[in-house]
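# Residue-level structure breakdown
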Amino acid sequence: MIAIIFASFGAVDSNIRSRTIDAAANEIKIAFPTFEVRQAYTSNFTRRKLKLQGVEILSIKEQITVLKSDGFEKIIILPSHLTPGEEFENKILPFASKNVTVLNPLFTLNCDTDFDKLSFKTVVDCFKTIGNEQLVLIGHGSPHRHNPVYENLQKLADTQNLKVHIGVIESTDTPNFDNVINRLNKTNVKGILLAPLLFNGGVHVNEDIAGDNNSWKSRLIEKNFSVRLCKEGLGTFEKFRQLYIKKLSNAINNLQNF
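Residues numbered from 1 in each chain as written. Predicted model: local features only at pLDDT ≥ 70, side-chain atom pairs only at ≥ 80, totals over all residues. Heavy atoms only, no water.

This part covers helix α8 (residues 177-185). Every buried residue belonging to α8 is among Phe177, Val180, Ile181 and Leu184, and all of these are buried. Across the axial projection of α8, the buried residues extend over an arc of 100°, all falling on one side. (Buried < 20%, exposed > 50% of the residue type's maximum accessible area, 1.4 Å probe, protein only. Helix = DSSP H or I, 4+ residues; strand = E, 2+ residues; numbered from the N terminus. Arc of directions from axis to C-beta.)

Now the structure itself:
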């Protein structure tokens with residue numbers, strides 16, 4: 001008996017949760033009807049908030065324990081996390097064992113595989129620019145150390161001659177706001193489509209990306225850019241969610257004893 005844990009950071013907002021995490025989990029169930037599919041959240045804060053609302057989502061450790069007691073001998077953990085940052089390394093990867101296979105986040109460290117390229121093309125296709133607009137994608141970044149995935153995604157975009165500029169929310173990580181501004185100034189283009197390089201979006205979009213005070217939007221406007229916003233997290237796009245099914249299918253086909 002084999003089970004799949006779709007592991008996410010989590011979302012408190014029920015609308016965001018249903019349109020992103022739950023939608024992806026349901027599509028995984030449909031795509032893999034012979035597997036048991038369950039969810040787990042890595043954010044203890046989010047799980048506590050949800051519990052106060054009467055919604056109980058297990059942690060990965062708890063879900064693994066329940067699955068084993070239910071008789072599942074093999075478990076695959078599929079993270080919704082986009083990059084191998086601290087959340088993945090500290091809260092998901094440690095559960096890898098003989099009977100628990102942990103799949104990597106959507107983008108690998110070097111962003112140079114065929115699947116990386118397909119995933120990034122899908123991201124860009126989710127956000128349609130108009131006219132001469134340039135696309136600015138904002139990821140999370142790492143608060144305590146550098147996460148090179150974002151810089152490598154920028155290299156991938158430049159190699160493909162895409163009019164895409166990538167920044168991060170965390171001020172201690174790069175590419176930061178100044179890095180993106182320097183790139184934009186070289187284009188002589190003032191029209192920006194600002195969008196989240198995030199699975200859920202939520203509070204990070206409303207405050208850090210699209211907020212009125214010291215957000216990416218407000219700072220871009222201060223630099224005389226015309227900003228059009230897309231506040232939808234990537235998980236709201238079906239074609240993006242399908243990447244997780246493709247990743248899982250590839251993994252299952254390559255894993256021995258499954």
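Once you've had a look at it, read on.
In this structure, Phe120, Phe127, Leu137 and Phe240 are the most contacted members of the largest nonpolar core, which totals 52 residues. By residue number, the principal contributor to this core is helix α11 (residues 238-254), which donates seven residues. Leaving out residues up to four positions away in the same chain, Phe127 has contacts with Leu135, Leu137, Leu193, Ala195, Pro196, Cys230, Glu232, Leu234 and Phe237. The next biggest cluster of nonpolar side chains, apart from the first, holds 15 residues, and it includes Ile138, Leu194, Val205 and Trp216. (Core = buried A, V, L, I, M, F, W, Y, C linked by side-chain atoms within 4.5 Å. Contact = heavy atoms within 4.5 Å.)

Among the six residues of strand β5 (residues 134-139), six are classified as buried, and the element is accordingly described as predominantly covered. Alternating positions in β5 separate into two faces, Gln134, Val136 and Ile138 on one and Leu135, Leu137 and Gly139 on the other, with burial throughout. In this structure, β5 lies alongside strand β7 (residues 191-196), joined through five bridges in parallel fashion. Looking at the pairing, Leu135 lines up with Leu193 of β7. The sheet contact formed by β5 and strand β6 (residues 164-168) spans five bridges and is parallel. Its bridge partner being in β6, Leu135 is matched across the sheet by Val164. (Pairing = 2+ DSSP bridges.)

Cis rather than trans, the peptide bond between Thr174 and Pro175 has omega equal to 5°. Relative to the elements of secondary structure, Pro175 occurs in the loop between β6 and α8. Positive phi, normally seen in glycine, also occurs at Cys111, with a value near 55°. For Cys111, the location among the structural elements is in the loop between β4 (100-102) and α6 (114-126). Phi is positive for Asn214, close to 55°, though the residue is something other than glycine. On the secondary structure map, Asn214 appears in the loop between α9 (203-209) and α10 (216-222).

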